Amino acid sequence: MDNTRTVAAIWALAGLPEAALAELALTGQDPVVPSSFAVGQAAQASMAVAALAAAEFGHARGVARQRVAVDMVHAALECTGWFSLDGQAPDLWDAFSGLYRCADGHVRLHANFAHHREGALRLLGLDPATAQRSDAERALLGWRALDFEQATAERGLVATALRSFDQWDATPQAQAVAAQPLLTLTRIGDAPPRALPPLSADALPLDGLRVLDLTRILAGPVGGRALAALGAEVLLVNSPNLPNIAAIADTSRGKRSAQVDLRTDAGQARLRALLADAHVFSQGYRPGGLAALGFGPEALAALRPGLVCVSLTAYGAQGPWAARRGFDSLLQTAMGFNHAEGEAAGDGKPRPMPMQILDEASGFLMAFGAAAALWRQQREGGSWHVQVSLAQTAHWLRGLGRVPGGLQAGMPERTPFLDTTASGFGELCAVRPAMQLGRAQVGYRHPSMPPGSHPPAWT
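Note that the coordinates shown come from a computational prediction; the quantities given were computed from them, not determined experimentally. (Residues numbered from 1 in each chain as written. Predicted model: local features only at pLDDT ≥ 70, side-chain atom pairs only at ≥ 80, totals over all residues. Heavy atoms only, no water.)

## So, unusual backbone geometry
- Note that the residue after Asp 30, namely Pro 31, is joined by a cis bond; omega there is 0°.
- The backbone of Asp 86 sits at a positive phi, close to 50°, despite the residue not being glycine.
- Considering the arrangement of structural elements, one finds Asp 86 in the loop between strand E3 (83-85) and strand E4 (98-101). (Helix = DSSP H or I, 4+ residues; strand = E, 2+ residues; numbered from the N terminus.)

Structure follows, in structure tokens:
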């Protein structure tokens with residue numbers, strides 16, 4: 001399947017006009033990075049639908065359609081998430097993160113957050129204050145992989161057993177994921193079409209749109225950044241009580257960054273005030289987390305009729321793992337990708353894909369869903385809920401097929417695609433957006449700033 005057909009298949013899920021597809025200009029072909037999976041195609045297609053949906057929303061606001069171009073090499077490099085601060089590329093992984101041998105296989109730990117690392121070490125009978133990685137390696141040899149996976153899930157921790165595709169396919173969660181589409185757009189309430197400010201012909205198509213970005217790790221922040229690059233005013237709302245990862249310096253480009261404590265009455269009141277002028281509410285907290293505070297999709301739609309809600313989960317809304325926490329690296333392990341890459345390499349040694357493509361593609365699919373739902377809202381009215389999951393993105397990626405000889409590809413030179421700007425984190429060098437529009441210049445209006453740099457208010 002060539003990538004134009006791939007984009008058309010995603011496009012059809014949202015019920016958008018087929019005529020818009022004539023504006024696509026896609027260049028490049030896998031392999032563009034070393035992987036046996038079509039990761040370049042996934043990067044390009046997810047970006048293309050996001051940009052095309054935004055452009056079609058702009059068309060619904062009264063301007064002519066415009067060309068949408070995405071180069072596959074550029075898209076893949078953007079999805080590597082590479083960046084540097086003051087000339088240094090940060091180490092994005094904790095020393096305890098990674099693959100470990102067990103009594104009967106392997107498990108992968110995700111230890112980038114201290115509470116996940118400490119919880120896993122305590123489960124292994126180790127003191128987090130003194131343990132070394134070698135201690136964890138010895139301790140895990142006494143565990144069966146599936147037993148450790150289950151024990152961590154029961155404690156709200158994050159680890160997955162290494163599976164082959166066949167082993168994953170035999171699980172109830174795999175069957176639940178396979179029964180779902182790549183993403184869903186659901187009307188969850190009645191409302192008239194929202195009045196929007198006028199749009200000039202050369203403006204970015206999401207100009208005048210306000211997005212509340214309550215996401216923290218990679219996929220959700222990438223989605224918010226994509227909306228910002230396409231013109232939206234994105235307000236990143238972090239909790240002052242929760243940690244972040246180093247990648248926030250890259251994913252905060254184009255956003256204003258505030259802090260609100262939703263555990264307080266004052267914080268909840270502030271969010272409701274922000275919601276009154278928002279068009280999109282995007283969140284990636286654990287399933288049910290915000291709903292317990294009164295900010296689930298239906299409650300949000302009641303507070304702000306006509307709102308587009310975007311929700312990200314790890315394993316989807318269906319199946320026995322629906323409530324589990326998860327990260328890209330863990331899903332690659334659980335769902336068979338690490339095993340398959342090892343088989344393709346010929347040595348059988350499990351290996352990750354060359355980027356966190358499940359996170360990155362899911363982020364751009366969140367942006368696509370938001371723009372598509374905004375278009376539907378203009379045409380049909382209503383309040384809308386967009387649902388995206390890492391697992392559904394992974395299932396889709398697998399369905400794109402394998403790339404013979406893909407692991408022999410080299411990593412392309414990133415220098416031609418880099419921009420360097422001042423930021424609140426230091427001098428930030430990162431890949432500029434691969435999404436390109438025929439008239440408007442895709443890019444970031446605001447520099448990346450640390451959480452709490454801005455007041456929790458619209459400008």
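## Notes on helix H1 (residues 3-13)
- Where H1 is concerned, the buried positions are Asn 3, Thr 6, Val 7, Ile 10 and Trp 11. Down the axis of H1, the sector holding all buried residues measures 135°, keeping them to one side. Exposed positions of H1 whose direction lies more than 90 degrees from the buried face are Arg 5 and Ala 12.
- Residues of H1 that are buried in the fold lie against strand E1 (24-27), helix H2 (39-60), helix H3 (72-79), helix H15 (357-380) and helix H16 (390-399).
- Where H1 ends, the next residue or the one after it, Gly 15, has phi of about 70°, a positive value. (Buried < 20%, exposed > 50% of the residue type's maximum accessible area, 1.4 Å probe, protein only. Arc of directions from axis to C-beta. Contact = heavy atoms within 4.5 Å.)

## What to know about the packing of helix H9 (residues 219-229) against H15
- Where H9 contacts H15, the two axes come as close as 7 Å, and the packing angle between them is 45°. Taken together, the axis directions place H9 and H15 in an arrangement best described as oblique. Between H9 and H15 lies a crossing whose hand is right-handed. Touching Ala 219, Gly 220, Val 222, Gly 223, Arg 225, Ala 226 and Leu 227 of H9 are Asp 359, Glu 360, Ser 362, Gly 363, Phe 364, Met 366, Ala 367 and Ala 370, all from H15.
- The residue inventory of the contact of H9 with H15, partitioned by class, reads eight nonpolar, four polar and three charged. (Axes fitted to C-alpha atoms, helices over the stretch in contact; angles between N-to-C directions. Parallel < 35°, antiparallel > 145°, perpendicular 65-115°, else oblique. Left-handed = near helix turned anticlockwise from the far one by under 90°. Nonpolar A, V, L, I, M, F, W, Y, C, P; charged D, E, K, R; others polar.)

## Examining the packing of aromatic side chains
- Inspection of every chain in the model, using the stated rule, returns seven aromatic pairs.
- For the ring pair Phe 37 and Phe 165, a centre distance of 6.0 Å and an interplane angle of 90° mean the geometry is edge-to-face. Highlighted residues: Phe 37 in the loop between E1 and H2 and Phe 165 in helix H7 (residues 165-169), separated in sequence by 128 residues.
- Relative accessible area serves as the criterion here: at 13%, Phe 165 is assigned to the buried category.
- Between the aromatic rings of Phe 165 and Phe 337, the centroid separation amounts to 5.4 Å while the plane-to-plane angle is 85°, which identifies the pairing as edge-to-face. Of the two residues, Phe 165 sits in helix H7 while Phe 337 sits in helix H14 (residues 337-345), which places them 172 residues apart along the sequence.
- Members of the aromatic cluster, joined through ring pairs, are Phe 37, Phe 165 and Phe 337.
- The ring of Tyr 100 has Arg 133 sitting right over it, with the charged end atom 4.3 Å from the ring centre.
- The ring of Phe 37 is capped by Arg 402, whose NZ or CZ atom sits 4.2 Å from the centre of that ring. (Phe/Tyr/Trp six-rings, centres within 6.5 Å; stacked < 30°, edge-to-face > 60°. Lys NZ or Arg CZ within 6 Å of the ring centre and 35° of its normal.)

## A word on empty space enclosed by the protein
- The tally for this structure, following the rule as stated, stands at four cavities of 30 Å³ or more.
- Lining the largest cavity we find Thr 215, Arg 216, Ile 217, Pro 221, Leu 236, Asn 238, Asn 244, Ile 245, Ile 248, Thr 251, Ser 252 and Lys 255.
- Of all the elements in the fold, those that place two or more residues in the lining of the largest cavity are strand E9 (233-238) and helix H10 (248-251).
- For the second largest cavity, the full set of lining residues is Gly 220, Gly 223, Gly 224, Leu 227, Val 280, Ser 282, Val 310, Met 366, Ala 367 and Ala 370.
- When residues of the lining of the second largest cavity are traced back to their parent elements, those giving at least two are H9, strand E11 (280-283) and H15. (1 Å grid on protein atoms, 1.4 Å probe; cavity = no way out; pocket = protein on both sides within 12 Å on 5 of 7 lines; lining within 4 Å. Points joined across faces, edges and corners; volume = space filled by probe spheres on them.)

## So, the nonpolar core
- Counting residues in hydrophobic clusters, the biggest one holds 106 residues, and the most contacted among them are Ile 357, Phe 368, Met 435 and Leu 437.
- Setting aside its immediate chain neighbours within four residues, Ile 357 contacts Val 39, Ala 42, Ala 43, Cys 79, Asp 328, Ser 362 and Leu 397.
- Residues Leu 214, Leu 271, Ala 278 and Leu 300 belong to the second largest nonpolar core, which totals 19 residues. (Core = buried A, V, L, I, M, F, W, Y, C linked by side-chain atoms within 4.5 Å.)

## Description of the pairing of strand E13 (residues 383-389)
- Most of E13 sits inside the fold, with six of its seven residues counted as buried.
- Note that strand E7 (residues 183-189) and E13 share six bridges and pair antiparallel. Directly across from Thr 186, in E13, lies its bridge partner His 385.
- Two strands pair when backbone bridges link them, and strand E12 (residues 308-313) and E13 are joined in this way by six bridges, in the parallel orientation. Opposite Thr 313, over in E13, you have Ser 389 as the bridge partner. (Pairing = 2+ DSSP bridges.)

## Looking at H2
- End to end, H2 covers 32 Å across 22 residues, agreeing with the expected 32 Å (1.5 Å per residue, within 8%).
- Burial of H2 is extensive: 20 of the 22 residues sit out of reach of the surface.
- Positive phi shows up at Gly 62, right after H2, with a value of about 110°. (Expected span 1.5 Å × (residues − 1).)

## Focus on the pairing of E12
- Summarising burial for E12: five of the six residues are buried, a large majority.
- Pairing of E11 with E12 involves four bridges; the strand directions are parallel. Counted as the bridge partner of Phe 281 is Cys 309 from E12.
- Tracing the backbone out of E11, into helix H12 (residues 297-303) and back to the parallel element E12 gives a crossover that is right-handed. (Right-handed = clockwise from strand over helix to strand, strands pointing away.)

## Concerning the environment of Ala 75
- Within the secondary structure, Ala 75 is located in helix H3.
- Taking the C-alpha atoms as reference, Ala 75 lies 9.5 Å from Ala 48; in sequence the two are 27 residues apart.

## Here we look at the sheet that holds strand E6 (residues 159-161)
- A sheet is described by the order of its strands in space; here three strands give the open sequence E4-E5-E6, paired in antiparallel fashion. Edge positions in the sheet fall to E4 and E6, since each of these pairs with one other strand and no more. Between one strand axis and the next, the sheet turns through 25° on average, direction left out of account.
- Relative to the sheet, helix H5 (residues 133-140) contacts E4 and strand E5 (106-109), its axis offset from that of E4 by approximately 45°.

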